[in-house]
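# Fold and contact review
What follows is each chain in one-letter form.
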Amino acid sequence: MVDWATRDRLYSSGYQPIDIRQRRVGIDSSLPYSVASNQRHNCGLQFVNKSISTERLHQDLKDAIDFQENIREKEKKKSNKLLATYAYNINWPRSVCYLSETDGSLIICEQERCRLILFTSQLMFRSTCGGTRGNDSYELDSPWHVTEFIENSSSNILVADTNNRRIQCFLIGHRGKFIYKYTLTTKDKPFYLATTKHWLAVSCENGFLKTFFIPEREEILNVNLNELFSIKTPKSIAYRVCMDPDDHSIFVSNPLGKKSLIHQITIDGKYIRSIKLLNQPFLHINSLNYDKQNRQFLIIDSINSIIYSVKPDLQENNVEILFKPSDHLNHPQSLAITNEGHLVVTECSVLTQHAIKIFRYLSCSCHSRAMTPSVKTSDVTSVKSIVLQY
């Protein structure tokens, strides 16, 4: 029997476990598996010029080593970016949501325990929703993402109930009680959500993107992004997604793409542009977020434990490393920006402690001496963006 909860935890959509064993052939075929044979084979790898290929390999290895040394090099001054850490009884916190229109509470989405946790802005526990794997109201099955939707000047909670193929909406009531409102169903498993005023974008498995007009709960768009962007070898992974609150345009990125690309489309699925980040061979877009105050992307690279900021300019993009392992960042999964200018980050992986961390990000009244991103305290790389036409 397949433990789907464990499988989804270790291998999200698009990442399949690899079996390196090979079936026996010949006289001992009764035994099920064996190590791979040592027979010669033609792997199809042919070098036209071995000297050039060797030089390129050495250069790539040097670049990779320099990159790792750079992000793990500790600063001479003690890093004061980390403000608080919560690591008690947290299990696979896949997503975090900040309630900007209420008291600044935090919602944590725990995939393994199938529940939502409500914290105060000081990371004090308030209440939970779910905790039972099921498909009824107030029940979840491997929820992956949670986001805020503002309606009538109040904060609503939208959660991607992944294995149930639906999005549930809740309202925070008296004493932090979760109040169920409605459900939006999807044919494919939803993984990532993004919202603006009246609009919801849902990134599902197999590269599908759906948009909803929330006041009427009407589905407006259902498009296959792999076909829209002419992907020759599509994957079953869900695209990372965020939205611009001003023009309601949608930004998406394929985390398994060979190149770091951010595509922009309209709410009805019309292609606008693609931003290609050059000179960043080690940048992996595991989470895509939009900072509306500074009008820039915040990109999470879970593989290298880095959070980048990217200016979405057509002429030039400033890719800046905001946080790295030397800032006590370990396998980040999601982030949220508070009204005070703090950055709330969830961390989880098989090998690290699962935690919620709050970092100093923008200047704020509670930390008047805090440095802002305009002060170049982190590593900055100037790269060109290319507008790709299809």
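Here the structure is a predicted model, which is why all the values come from computation and not from measurement.

## Examining the pairing of strand 22 (residues 332-337)
Relative to strand 23 (residues 342-347), strand 22 is paired through five bridges, and the arrangement is antiparallel. Across the sheet, the residue bridging to Ile 337 is Leu 343, located in strand 23.

## Examining the packing of aromatic side chains
A complete count under the given rule lists 14 aromatic pairs for this structure. Plain terms: the ring middles of Phe 119 and Phe 125 are 6.3 Å apart, the flat faces sit at 80° to each other, and that makes the pair edge-to-face. Pairing Phe 229 with Tyr 239 gives two aromatic rings, centres 6.3 Å apart and planes at 50°, and the pair type is tilted. Residue Phe 229 is found in the loop between helix 3 (225-228) and strand 14 (240-243), and its partner Tyr 239 is found in the loop between helix 3 and strand 14; the two are separated by ten residues along the sequence. Exposure class is identical for Phe 229 and Tyr 239. Each is buried. Chaining the aromatic ring pairs together yields one cluster made of Tyr 138, Phe 170, Phe 178 and Tyr 180.

## Some remarks on the sheet that holds strand 23
Picture the strands of a sheet paired through backbone hydrogen bonds; they go either parallel or antiparallel. Taking strand neighbours across the sheet as the criterion, the four strands line up as 1-24-23-22 in an open arrangement whose pairing is antiparallel. The strands lining the two open edges of the sheet, one partner per strand, are strand 1 (82-86) and strand 22. Strand-to-strand twist across the sheet, computed as the mean angle between neighbouring axes with direction ignored, equals 20°. Bridge count for strand 1 against strand 24 (residues 355-360) is four bridges, and the pairing is antiparallel. Across the sheet, Thr 85 pairs through a bridge with Lys 357, a residue of strand 24.

## Description of the sheet that holds strand 7 (residues 154-161)
Taken together, the four strands give an open sheet; going across it, the order is 6-7-8-9, and neighbouring strands pair in antiparallel fashion. For this open sheet the edge positions go to strand 6 (145-151) and strand 9 (178-185), each flanked by a neighbour on one side alone. Taken over all neighbouring pairs, the strand axes of this sheet differ in orientation by 25° on average, direction set aside. Pairing geometry for strand 7 and strand 8 (residues 166-172), over six bridges, is antiparallel. Looking at the pairing, Leu 158 lines up with Cys 169 of strand 8.

## Focus on the side chain of Thr 162
Residue position: Thr 162 is located in the loop between strand 7 and strand 8. Residue class for Thr 162 comes out buried when judged on its relative accessible area of 2%. If we skip the residues at most four places from it in the chain, Thr 162 touches Asp 141, Ser 142, Pro 143, Trp 144, Lys 189, Pro 190 and Phe 191.

Calculation criteria
Residues numbered from 1 in each chain as written. Predicted model: local features only at pLDDT ≥ 70, side-chain atom pairs only at ≥ 80, totals over all residues. Heavy atoms only, no water. Pairing = 2+ DSSP bridges. Helix = DSSP H or I, 4+ residues; strand = E, 2+ residues; numbered from the N terminus. Phe/Tyr/Trp six-rings, centres within 6.5 Å; stacked < 30°, edge-to-face > 60°. Buried < 20%, exposed > 50% of the residue type's maximum accessible area, 1.4 Å probe, protein only. Axes fitted to C-alpha atoms, helices over the stretch in contact; angles between N-to-C directions. Contact = heavy atoms within 4.5 Å.

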